[in-house]
Amino acid sequence: MIRKEYHVPPEEMAKQREIAGEVRQLPHRPKTYFIVTYGCQMNAHDSEKIAGLLEQMGMSEATSREESDLVLFNTCCIRDNAERKALGNVSWLKEIKKNRPEMIIGICGCMAQEPGMAEKLRKQYRFVDLIFGTSNLHRLPELLMNTLNSRDSLTAVDDRDWIAEGIPVRRLRHDAAYLTIMYGCDNYCSYCIVPFVRGRERSRNPEDILREAGELMESGVKEIMLLGQNVNSYGKGLSGGVSFPALLKSLDRMRIPRIRFMTSHPKDLSDELIEVMGAGSHILPQFHLPVQSGNDEILKRMNRHYTREQYLDRVRKLRESVPGIGLSTDLIVAFPGETEAQFEDTLSLVREVGYDSAFTFIYSPRTGTRAAEFPDQVSPEEAKDRIQRLIALQEELQQKTLSRFLGQEEEILVESLSRRDGQAVSGKGRHGVSVTVPGDAADAGQILSCRITGVKNNTLMGERTGGTR
Ligand code: SAH
Ligand code: SF4
Ligand code: F3S
């Protein structure tokens, strides 16, 4: 098989760096930027790259979007409400721009990459200066330069699936970092728009990933989150027997204190990966394993390529290999044609697994996906009723699943102050559940040991047992 070369040539990246330097010299360039980010971790990390590029062009972050010279909306289109929220906010800025005509407004991210959407946006939102897709992020210096020179609205959306190495990143956190290992998705779940907006599945070279991990470790990062739409199939198309378990093993040997990853597809969760999870020293005992539905017929029509029984088998194996592992999932209710009995299969699966947390969604038809054409769309009232029942069940079960931590030792990476009085901090435990303990701002970014003393909704309460590290 001939491997398709996805990498942006180094000369192209050098050209973009050069243009960034030229923008920096322009007297009329924007001095401040503000990025509004929607959607998943991929988008959050893309925003860190966009910020890195903008700072390379001599800009600094504004304190609010109203005061910013440049505002970029990094959009998501996974469900209709994500799209509506983004567009509502773009429209709101139109009024601000009336008083500040020099303000530059841009739309990027998944929504801009939807087939036909860029043109539609350009017509309907004439005050928007720049629209670019996820595939054009590395060309931001050139796009911005063109916008500044012409002040005409500019649209740049390619369908080329790039991997761009060497984009500067301005990280939001210094203690925890995102590290992309693969881009795009080839799974075409029948409800999902991601393959259409993020392109074909493509994996980064392991050397590039390990180098970045090394740099992050040197800079003091304590936790790395490996990112991809389907990390379990990492390495497809690369030569040399590269696989996700092998990559994870190499990273585990680097002594980064905490390694997590998302998202995993159940069909690609191999026994080998489960073994690596069990044997690892730094791989956290948590697993996000979206199931979507507990009914075989629905799973089939979702094009998920596993049955309920196969999924439950993966869960059993994970629990054998990593006792106490924290499991979380994604669930969709009211998929076209879902009957009450089929929905109840989802409820019973949730009961059977006992997740620490679950993200629940009402099915939202996306233009261009197969499921949008399926008959028997479930009524909004029925959908609302189902999601409420599902949420109520998960909340009830969660109390019980989380009680297994009572009296246990846990280690948390402190993310934030959790109370206004500044006397408690919270962070994620090794199992992926949030824990609140007494502490203050000086604990931010530290790993600290605690004992779990209580469960409150979806978080755990703890008392400190040791120092920080
Ligand atoms: N690649 C990941 C996550 C993709 S998006 C995965 O395969 O699991 C995150 C979640 O959004 C999905 O797991 C799914 O539960 C939900 N989702 C995706 N498309 C949706 C749609 N059209 N309507 C409702 N929920 C959707
Ligand atoms: Fe969407 Fe399925 Fe790909 Fe996840 S695996 S991004 S749900 S198509
Ligand atoms: Fe949304 Fe794009 Fe992520 S559609 S969920 S931001 S990959």
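Bear in mind that the values here come from a model prediction, so they are computed numbers and not experimental data.

(A) Molecular detail of the overall build of the protein chain. Assigned secondary structure in the protein chain consists of 13 helices and 19 strands. In summary, the protein chain has a C-alpha radius of gyration of 23 Å against a globular reference of 23 Å for 469 residues, a match within 12%. Each principal axis of the C-alpha distribution contributes one length, and for the protein chain these read about 60 × 60 × 55 Å. For the protein chain, buried positions account for 55% of its 469 residues. At a minimum sequence separation of 6, the contacts of the protein chain that also span at least 24 residues come to 74%. Accessible area for the protein chain stands at about 20600 Å²; split by element, carbon and sulfur atoms hold 49% of it.

(B) Just the sheet that holds strand S5 (residues 130-132), in detail. Spatial strand order, S2-S1-S3-S4-S5-S6: six strands in an open sheet with parallel pairing. For this open sheet the edge positions go to strand S2 (60-61) and strand S6 (154-156), each flanked by a neighbour on one side alone. Alignment of strand S1 (residues 32-37) against S2, held across two bridges, turns out to be parallel. Bridge pairing in S2 links Tyr33 to Glu61. Those strands touched by helix H4 (residues 117-124) are strand S4 (104-109), S5 and S6, and its axis lies near 170° from that of S5.

(C) The site of ligand 1, seen in detail. Tyr191, Gln229, Gln292, Asp330 and Ser364 are the nearest of the 15 residues found near ligand 1. Here a nitrogen atom of ligand 1 and a side-chain polar atom of Gln229 are 2.8 Å apart. Within the side chain of Asp330, a nitrogen or oxygen atom sits 2.6 Å from an oxygen atom of ligand 1. Look at ligand 1: alone it shows 530 Å² of surface, and the protein chains cover 89% of it.

(D) Looking closely at the sheet that holds strand S13 (residues 326-333). Strands sit in the order S12-S13-S14 across an open sheet of three strands; the sheet is parallel. Whereas interior strands pair on both sides, the edge strands pair on one side only; in this sheet they are strand S12 (286-288) and strand S14 (357-362). Averaged over all pairs of adjacent strands, the angle between strand axes in this sheet comes to 10°, irrespective of strand direction. The pairing of S13 with S14 spans six bridges and is classified as parallel. Residue Leu331 lies in a different strand from S14, and its bridge partner there is Thr360. Where helix H13 (residues 380-402) meets the sheet, its contacts fall on S13 and S14, and the angle it forms with S14 comes to roughly 175°.

(E) Structural view of the nonpolar core. With 54 residues, the main nonpolar core has Ile181, Leu226, Phe244, Leu248, Phe261, Phe287 and Tyr311 as its most contacted residues. Contacts of Leu226, omitting those with residues within four sequence positions, involve Leu179, Ile181, Val231, Phe244, Leu248, Leu251, Ile259, Arg260, Phe261 and Met262. In terms of nonpolar packing, the next biggest core, distinct from the first, is built from 29 residues, Val8, Ile50, Leu143 and Leu144 among them.

(F) Region of interest: H13. In this model H13 runs 32 Å from its N-terminal to its C-terminal C-alpha over 23 residues, within 8% of the 33 Å that 1.5 Å per residue would give. Considered for burial, the residues of H13 that qualify are Ala383, Arg386, Ile387, Leu390, Leu393, Gln394, Leu397, Gln398, Thr401 and Leu402.

(G) Representation of the site of ligand 3 within the structure. Near ligand 3, the surroundings consist of Gly39, Cys40, Asn43, Cys76, Cys77, Ile78, Cys110, Arg198 and Gln229. The class makeup of the residues in the shell around ligand 3 is five nonpolar, three polar and one charged.

(H) Molecular detail of the packing of aromatic side chains. With the rule as written, the count across this model stands at eight aromatic pairs. Note on Phe335 and Tyr363: the rings are 5.5 Å apart at their centroids and 70° apart in plane angle, and the pair reads as edge-to-face. Here the residue Phe335 occupies a position in the loop between S13 and helix H12 (340-353), and Tyr363 occupies one in the loop between S14 and H13, the gap between them amounting to 28 residues. Of the two residues examined, Phe335 and Tyr363, each falls in the buried class. Clustering of aromatic rings is evident, with ring pairs tying together Tyr191, Phe335, Tyr363 and Phe374. The ring of Phe361 carries Arg79 above its face, with NZ or CZ at 3.7 Å from the centroid.

(I) How the structure looks around the pattern of salt bridges. Overall, the coordinates contain 42 salt bridges when judged by the stated rule. Between Glu102 and Arg100 there is a salt bridge, with its nearest N and O atoms 3.4 Å apart. Overall, Arg100 belongs to the buried group, its relative accessible area being 18%. Among the ionic pairs, Arg171 bridges to Glu212, the shortest N-O distance being 2.9 Å. Here the residue Arg171 occupies a position in the loop between S6 and strand S7 (176-180), and Glu212 occupies one in helix H7 (residues 206-218), the gap between them amounting to 41 residues. Note on accessibility: Arg171 and Glu212 belong to one class, buried.

(J) View of unusual backbone geometry. With an omega dihedral of 5°, the bond running from Met262 to Thr263 counts as a cis peptide bond. On the secondary structure map, Thr263 appears in the loop between strand S11 (258-262) and helix H9 (271-279). Residue Asn303 is not a glycine yet carries a positive backbone phi of 65°. In this fold, Asn303 is placed in the loop between helix H10 (296-301) and helix H11 (308-321). Taking relative accessible area as the criterion, Asn303 reaches 18% and is therefore assigned buried.

(K) Spotlight on empty space enclosed by the protein. Enumeration according to the criterion identifies four cavities of 30 Å³ or more in this entry. Around the largest cavity, the lining comprises 14 residues; the ones closest to its centre are Thr134, Leu137, Trp162, Tyr183 and Arg202. Among the residues making up the lining of the largest cavity, the classes are represented as six nonpolar, four polar and four charged. As for the second largest cavity, its lining consists of Met42, His45, Asp46, Thr180, Met182, Tyr183, Gly184, Arg198 and Gln229. Of all elements in the fold, only helix H2 (41-56) and strand S8 (182-183) reach the threshold of two or more residues within the lining of the second largest cavity. With three residues, H2 is the largest single contributor of residues to the lining of the second largest cavity. Looking at side-chain class alone, the lining of the second largest cavity contains three nonpolar, four polar and two charged residues.

What counts, and where the lines are drawn
Residue numbering note: each chain is counted from 1, following its sequence as written. Numbering of ligands from 1 and lettering of chains from A proceed in the order in which they are written. With pLDDT at 70 or above as the cut-off, local features in this predicted model cover only qualifying residues; side-chain atom pairs require 80 or more to be listed or tallied, and sums for whole chains, interfaces and linings still use all residues. The side-chain figures draw on all heavy atoms in the structure; neither hydrogens nor water molecules are used. Secondary structure elements follow DSSP: runs of H or I of four or more residues count as helices, runs of E of two or more count as strands, with numbering from the N terminus. With C-alpha atoms as the basis for the radius of gyration, the globule rule is written as 2.2 Å multiplied by the number of residues raised to the power 0.38. Only protein chains enter the accessibility calculation, which uses a 1.4 Å probe; a residue is then buried when its area is under 20% of its type maximum, exposed when over 50%, and partly exposed in between. We call two residues in contact when some of their heavy atoms are within 4.5 Å. Accessible areas in this description were obtained via Shrake-Rupley with a 1.4 Å probe; residue shielding takes into account the shown protein chains only. The pairing criterion for strands is at least two bridges between them, as found by DSSP. In this analysis an axis means a line fitted to C-alpha atoms, helices contributing only their contacting stretch, and an angle means the value between N-to-C directions, from 0 to 180 degrees. Near is defined per residue: the residue qualifies when any heavy atom it owns lies within 4 Å of the molecule or strand. Polar contact is the term for a pair of N or O atoms within 3.5 Å; when the atoms are in protein, one must be able to donate a hydrogen and the other to accept it, and sequence-neighboring residues count only if both atoms are side-chain atoms. For the purposes of this section, nonpolar cores are sets of buried Ala, Val, Leu, Ile, Met, Phe, Trp, Tyr and Cys residues that join through side-chain atoms within 4.5 Å. Expected span, for any helix, means 1.5 Å times one less than how many residues it has. Any residue that is not Ala, Val, Leu, Ile, Met, Phe, Trp, Tyr, Cys, Pro, Asp, Glu, Lys or Arg is counted as polar, Gly included; the first ten are nonpolar and the last four charged. Geometry of aromatic contacts follows a simple scheme: Phe, Tyr and Trp rings, the Trp one being its six-membered ring, pair when their centres are within 6.5 Å, and the pair is stacked under 30 degrees between planes, edge-to-face over 60, tilted otherwise. Placement of a positive charge over a ring is assigned whenever Lys NZ or Arg CZ falls within 6 Å of the ring centre and within 35 degrees of the normal to the ring plane. When a carboxyl oxygen of Asp or Glu is within 4 Å of a side-chain nitrogen of Lys or Arg, the pair counts as a salt bridge. A cavity here means a set of 1 Å grid points, computed over protein atoms only, where a 1.4 Å probe fits but cannot escape. A pocket is an open set with protein on both sides within 12 Å along at least 5 of 7 lines, and lining residues have an atom within 4 Å of a point. Grid points are joined across faces, edges and corners, and a volume is the space filled by probe spheres set on the points.

These results come straight from atomic positions and should not be treated as a statement about function.
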